[in-house]
Amino acid sequence: MIVLSGTIGAGKTSLTKMLADHLGSKAFYESVSDNPILPLFYENPKKYGFLLQIYFLNKRLSQIKTAQKTGKNNILDRSIYEDALLFQLTADLNRATQTEVDIYKSLVDNMMSEMDGVADIKNPDLLIHVRVSFETMLSRIKIRGRSFEQIDENPELFDYYQELNRRYDAWFDAYDRSPKIQIDGDRFDFVEDELSRDKVLDMIDTKLAGI
Ligand SMILES: Nc1ncnc2c1ncn2[C@@H]1O[C@H](COP(=O)(O)OP(=O)(O)OP(=O)(O)O)[C@@H](O)[C@H]1O
């Protein structure tokens, strides 16, 4: 199993599709349009932050199980381990309590840990992190136009987005659950530019061959 990581609008969903086509494996997407909690969370993070994390945790765990059961190189468009980064930031901005975050983190650890003697099946074989600058992040969010993500409609989001993007570097450096690779999403525009796409797929192929 391969999982993508990266900030909002980094291009995880697009790369997931490209890679699944390239490897002939199945793609598993985070549902955004049919997520009933996400718009509520953006409107009132204090009230819906914890519920949103439980919603994602449940969805992602189901996807991990199906992905692992149905093929080798199946791909998830977001790693389960990033959710704690987003939730911690929500708490640091006083939109959730540290107690909620601590309980959530201990629940994830408990759910993801395997029992003694059982092979480690929930962790990916490879994590691919798409790193983009804050400017790229903002322009992608704007172009994509999901109303609840727009800064014009909710100016508080500027600080949330800026800090989220900043924290990703340390998150990626500390990530140690599997082999990992970082793609420079500013340099390689794999959605618009075919050469960049081939280069990125090549980098991933090489990394996979070495695992
Ligand atoms: N754990 C979380 N806590 C809060 N919001 C989250 C969490 N996970 C995802 N989201 C929100 O869900 C939406 C979709 O997230 P995600 O970044 O995975 O996809 P995306 O924005 O389509 O990115 P990409 O362009 O890289 O595919 C975003 O609004 C994001 O903020």
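Residues numbered from 1 in each chain as written. Predicted model: local features only at pLDDT ≥ 70, side-chain atom pairs only at ≥ 80, totals over all residues. Heavy atoms only, no water.

- As recorded in an unreviewed UniProt entry, the protein goes by the name Deoxyguanosine kinase, listed as coming from Leuconostoc carnosum.
- Regarding the protein, the relevant UniProt record gives this comment under Sequence similarities (unreviewed entry): "Belongs to the DCK/DGK family." (UniProt positions renumbered as here; feature names shortened; annotations may be inferred.)

Description of the UniProt feature "active site" (unreviewed entry) in the protein
- Mapped onto this structure's residue numbering, the UniProt feature "active site" (unreviewed entry) falls at Asp 77.
- Position of Asp 77 among the secondary structure elements: in the loop between β3 (75–76) and α4 (82–92).
- Asp 77 gets classed as buried once you look at its relative accessible area, which sits at 5%.
- The residues touching Asp 77, leaving out its near neighbours within four places in the chain, are Leu 4, Lys 12, Thr 13, Thr 16, Phe 28, Tyr 29 and Glu 30. (Helix = DSSP H or I, 4+ residues; strand = E, 2+ residues; numbered from the N terminus. Buried < 20%, exposed > 50% of the residue type's maximum accessible area, 1.4 Å probe, protein only. Contact = heavy atoms within 4.5 Å.)

Looking at the pattern of salt bridges
- Considering all chains together, one arrives at 14 salt bridges under this definition.
- Its salt-bridge partner being Arg 78, residue Glu 82 comes within 3.2 Å of it at the nearest N-O pair. For the pair Glu 82 and Arg 78, a shared accessibility class is recorded, and that class is buried.
- Linked through salt bridges whose partners overlap, the residues forming this network are Glu 30, Arg 60, Arg 78, Glu 82 and Asp 83. (Salt bridge = Lys/Arg side-chain N within 4 Å of Asp/Glu carboxyl O.)

Focus on the site of the ligand
- Near the ligand you find 23 residues, and of these Lys 12, Thr 13, Glu 30, Tyr 42 and Glu 149 are the closest.
- Taking Lys 12, its main chain carries an N or O atom lying 2.7 Å from an oxygen atom of the ligand.
- Interatomic distance of 2.7 Å between a side-chain N/O atom of Arg 144 and an oxygen atom of the ligand.
- Coverage of the ligand by the protein amounts to 97% of the 620 Å² it exposes when considered alone.
- Elements supplying a minimum of two residues to the shell around the ligand: α1 (12–23), α2 (38–43), α3 (45–70) and α4.
- Looking at the shell around the ligand, the element that brings in the most residues is α3, giving 4 residues.
- Taken together, the residues of the shell around the ligand sort by class into 10 nonpolar, 5 polar and 8 charged. (Near = heavy atom within 4 Å. Polar contact = N/O pair within 3.5 Å; in protein donor to acceptor, adjacent residues only side chain to side chain. Areas by Shrake-Rupley, 256 points an atom, 1.4 Å probe, with all protein chains shown as cover. Nonpolar A, V, L, I, M, F, W, Y, C, P; charged D, E, K, R; others polar.)

Quick notes on unusual backbone geometry
- Phi is positive for Asn 94, which is not a glycine, with a value near 65 degrees.
- As for its placement among the helices and strands, Asn 94 is situated in the loop between α4 and α5 (98–112).
- Asn 94 sits in the exposed class, given a relative accessible area of 58%.

Examining the sheet that holds strand β2 (residues 27–28)
- Spatially, β2-β3-β1-β4-β5 is the arrangement adopted by the 5 strands of the open sheet, whose pairing is parallel. Among the strands making up the open sheet, the edge pair consists of β2 and β5 (180–184).
- Of the strand pairs in this sheet, strand β4 (residues 126–131) and β5 are connected by 5 bridges, and their pairing is parallel. Residue pairing in the sheet places Arg 131 in a bridge with Asp 184 of β5.
- Most of the contacts of helix α8 (residues 194–209) go to β5, to which it runs at about 170 degrees, and overall it touches β1 (2–6), β4 and β5. (Pairing = 2+ DSSP bridges. Axes fitted to C-alpha atoms, helices over the stretch in contact; angles between N-to-C directions.)

Notes on the packing of aromatic side chains
- Scanning the model with the defined rule gives 10 aromatic pairs in all.
- Ring geometry for Phe 50 against Phe 87: centres 6.3 Å apart, planes inclined by 45 degrees, an arrangement best described as tilted. Taken together, the positions of Phe 50 in helix α3 and Phe 87 in helix α4 put the pair 37 residues apart, joining distant regions of the chain.
- Taking relative accessible area as the criterion, Phe 50 reaches 27% and is therefore assigned partly exposed.
- Looking at Phe 87, the relative accessible area reads 0%, which means it is buried.
- For the pair Tyr 160 and Tyr 161, a centre-to-centre distance of 5.9 Å together with 40 degrees between the ring planes defines the contact as tilted.
- The exposure class assigned to Tyr 161 is buried, which follows from its relative accessible area of 0%.
- Positioned above the aromatic ring of Phe 172 is the side chain of Lys 180, whose terminal nitrogen or guanidinium carbon lies 4.8 Å from the ring centre. (Phe/Tyr/Trp six-rings, centres within 6.5 Å; stacked < 30°, edge-to-face > 60°. Lys NZ or Arg CZ within 6 Å of the ring centre and 35° of its normal.)

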